[in-house]
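Given next are the chains, with one letter for each unit.
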Amino acid sequence: HATLRCENRIPLFFGDDIPRKGGNVVCRTTTATNIVNSCKGVVCLMNHTLTQQRVQRICTDGVLVALYFVLTTFSLRMGNLRITFASLIVIVATLLFSTLDACLIAMLGELLNQVLQYGLTVTTPMWLVPPAIRALVLGLFFYVARKFGIFSPARKPVLMYAACITAALCTT
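Residues numbered from 1 in each chain as written. Predicted model: local features only at pLDDT ≥ 70, side-chain atom pairs only at ≥ 80, totals over all residues. Heavy atoms only, no water.

1. A word on the layout of surface pockets
Our working rule: Here a cavity denotes a set of grid points, spaced 1 Å apart and computed over the protein atoms alone, in which a 1.4 Å probe fits but from which it cannot get out, and a pocket denotes an open set meeting protein on both sides within 12 Å along at least five of seven lines; residues with an atom within 4 Å of a point are reported as lining. Grid points are joined across faces, edges and corners, and a volume is the space filled by probe spheres set on the points. Only DSSP runs of H or I reaching four residues or more are called helices, and only runs of E reaching two or more are called strands; each is numbered from the N terminus. Each residue is assigned to one class: nonpolar for Ala, Val, Leu, Ile, Met, Phe, Trp, Tyr, Cys and Pro, charged for Asp, Glu, Lys and Arg, and polar for all the others, Gly among them.
The calculated volume of the largest pocket comes to roughly 830 Å³. The wall of the largest pocket is formed by 24 residues, among which Arg82, Thr84, Trp127, Arg134 and Thr171 lie closest to the centre. At the level of secondary structure, the elements contributing two or more residues to the lining of the largest pocket comprise strand E2 (81-83), helix H3 (87-96), helix H4 (99-118), helix H5 (124-147) and helix H6 (157-171). In terms of residue count, H5 provides more of the lining of the largest pocket than any other element does, five residues in total. Across the lining of the largest pocket, the residue classes break down as ten nonpolar, ten polar and four charged.

Structural data, given as structure tokens:
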């Protein structure tokens, strides 16, 4: 853990020391904590500092997008009917994180699925809407249920099933 004593220097992410114009040397930073700490009072390459929680949330969202894609890829197709477990990722993201995270995970996962299976076409945005609607419906339901104190997934799983069925009906 290196302490940083920087004035008029820009911290970089990969630990390289690169001189700037005017002879200033860029700070050496090797960990996310050092990056966040070095941005206090120092000119940064970003407009805002990324806290450790934000970095973890972005990484978790990326993993959930990949898992959404995998679960969408391995689905049962019978004619026009497609059975997939990708909505489980949306439910988990809505419960653990925010509705916005769940929408982003669902839309990016479906975008990845559409582009890699069918290519980028005119109808691609149309296929991104149903997963986002599912996340919005679940997020709205969980928000209202938490606000009024009627929801506990462990005690009342029937409400969770009702929310999932309602979200499925809205996207069908």
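2. Some details on helix H2 (residues 52-73)
Using the following cut-off: Residue count minus one, scaled by 1.5 Å, sets the expected span of a helix. Here the term buried applies to any residue with accessible area under 20% of the maximum for its type, exposed to any over 50%, and partly exposed to those in between, with areas from a 1.4 Å probe on protein chains only. What the arc describes is the spread of directions from the helix axis to the C-beta atoms.
The end-to-end C-alpha distance of H2 is 32 Å, a good match for the 32 Å that 22 residues give at a rise of 1.5 Å each. Those residues of H2 that fall on the buried side of the exposure criterion are Asp61, Leu64, Val65, Tyr68, Phe69 and Thr72. Across the axial projection of H2, the buried residues extend over an arc of 140 degrees, all falling on one side. Opposite its buried face, H2 presents the exposed residues Gln52 and Val63, each directed more than 90 degrees away.

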